[in-house]
Amino acid sequence: MIQITSRDKKVLFAGGTFTVFWLLFTFVVQPVHQENKRTNQKIQDKLLFIKKCYEILNQKSFYKAKNKENKLTRTTLDQRFFNQTKPALAASEQQHLIENLSNQTGVNIIRFRVDKPKYLEGLLTISTKVTTRSKLRNFINFIHMLESNQKFMVIEEMAIQRVNETDLEELQAQLTVSGFIQSMEMGKKKTT
């Protein structure tokens, strides 16, 4: 039989102890530590998620204010378009508005002609050709009031000529005034 000395016993005991501790560390402590790290990371992620949720919930007043602002903007935009949804009624409303502006500025309207409605940049446009006769200052005021009106109207074309050779201020003008209805163009039809 092999004789084991006390020194050999100490080395075997130390080696066995090291092996047991290494096995405990590898198969018990290290997996428990990794699982603990993963659990802590999940807890931190959930806490961060809850914190962000509370931040969003605390901004409720901001979103309410933004909603009010959007409604106010929509109301303002609605006032810029003609109220009528039918092109003929909107053309009548535009003609009435132009007549009122001409009466305020002293411009005489000789003729109105309403063109077919068309879509311009997705909005339904009502174009009216107006022939006027007036003094230069009155015509300038008419144009200013027309373009700065609450209803959004654009002068697309303008042709001006002198009517009277002796009075250089007397003008005859032909304008194409376009107003808009808040009717958006639906998708374009495909032609095959």
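Below you will find a few notes about this structure.

Parameters and conventions
Residues numbered from 1 in each chain as written. Predicted model: local features only at pLDDT ≥ 70, side-chain atom pairs only at ≥ 80, totals over all residues. Heavy atoms only, no water. Axes fitted to C-alpha atoms, helices over the stretch in contact; angles between N-to-C directions. Helix = DSSP H or I, 4+ residues; strand = E, 2+ residues; numbered from the N terminus. Parallel < 35°, antiparallel > 145°, perpendicular 65-115°, else oblique. Contact = heavy atoms within 4.5 Å. Nonpolar A, V, L, I, M, F, W, Y, C, P; charged D, E, K, R; others polar. Buried < 20%, exposed > 50% of the residue type's maximum accessible area, 1.4 Å probe, protein only. Pairing = 2+ DSSP bridges. Salt bridge = Lys/Arg side-chain N within 4 Å of Asp/Glu carboxyl O. Phe/Tyr/Trp six-rings, centres within 6.5 Å; stacked < 30°, edge-to-face > 60°. 1 Å grid on protein atoms, 1.4 Å probe; cavity = no way out; pocket = protein on both sides within 12 Å on 5 of 7 lines; lining within 4 Å. Points joined across faces, edges and corners; volume = space filled by probe spheres on them.

Observations concerning the packing of helix α1 (residues 6-58) against helix α2 (residues 60-80)
Phase 1: Close contact between α1 and α2 brings their axes to 5 Å; oriented N to C, the two are set at 40°. By the angle class used here, α1 and α2 are oblique. Side by side, α1 and α2 meet where Ile-56, Leu-57 and Asn-58 of the first sit next to Lys-60, Ser-61 and Tyr-63 of the second.
Phase 2: Among the residues forming the contact of α1 with α2, the class breakdown is three nonpolar, two polar and one charged.

Digging into the pairing of strand β3 (residues 123-135)
Phase 1: A large share of β3 lies buried, amounting to ten of its 13 residues.
Phase 2: Here strand β1 (residues 108-114) runs beside β3; their pairing, made up of six bridges, is antiparallel. What sits directly across from Asn-108, in β3, is Arg-133.
Phase 3: As paired elements, strand β2 (residues 118-120) and β3 share three bridges and run antiparallel to each other. From the neighbouring strand, Tyr-119 faces β3, where its bridge partner is Leu-124.
Phase 4: Linking β2 back to β3 in an antiparallel pair, the connection comprises two residues, with Glu-121 at a positive phi of about 55°.

Concerning the pattern of salt bridges
Phase 1: All chains considered together, the criterion is met by three salt bridges.
Phase 2: Its salt-bridge partner being Arg-38, residue Glu-35 comes within 3.0 Å of it at the nearest N-O pair. Of this pair, Glu-35 and Arg-38 both sit in helix α1, three residues apart, which is roughly one turn of that helix.
Phase 3: The exposure class assigned to Glu-35 is partly exposed, which follows from its relative accessible area of 41%.
Phase 4: With relative accessibility at 48%, the residue Arg-38 sits in the partly exposed group.

Overview of the packing of aromatic side chains
Phase 1: If you walk through the whole model with that rule in mind, you get two aromatic pairs.
Phase 2: For the ring pair Phe-62 and Tyr-63, a centre distance of 5.3 Å and an interplane angle of 70° mean the geometry is edge-to-face.
Phase 3: Overall, the relative accessible area of 46% leaves Phe-62 in the partly exposed class.
Phase 4: Ring centres of Phe-152 and Phe-180 lie 5.2 Å apart, and the angle between their planes is 20°; this geometry places the pair in the stacked category. Pair noted here: Phe-152 is in the loop between α4 (136-147) and β4 (153-162) and Phe-180 is in strand β5 (residues 170-184), with a separation of 28 residues, a long-range link.
Phase 5: Overall, the relative accessible area of 37% leaves Phe-152 in the partly exposed class.

Focus: the environment of Asp-45
Phase 1: With respect to the secondary-structure elements, Asp-45 resides in helix α1.
Phase 2: When the C-alpha positions of Asp-45 and Thr-132 are compared, they lie 73 Å apart, and in sequence the two are 87 residues distant.

A word on the layout of surface pockets
Phase 1: Each pocket or cavity is described by its volume, and for the largest pocket that value is around 170 Å³.
Phase 2: Forming the walls of the largest pocket are Arg-111, Phe-112, Arg-113, Lys-129, Val-130, Thr-131, Glu-157, Met-158, Ala-159, Gln-174, Leu-175 and Thr-176.
Phase 3: Residue assignment for the lining of the largest pocket shows that the elements contributing at least two residues are β1, β3, β4 and β5.
Phase 4: In terms of residue class, the lining of the largest pocket is made up of five nonpolar, three polar and four charged.

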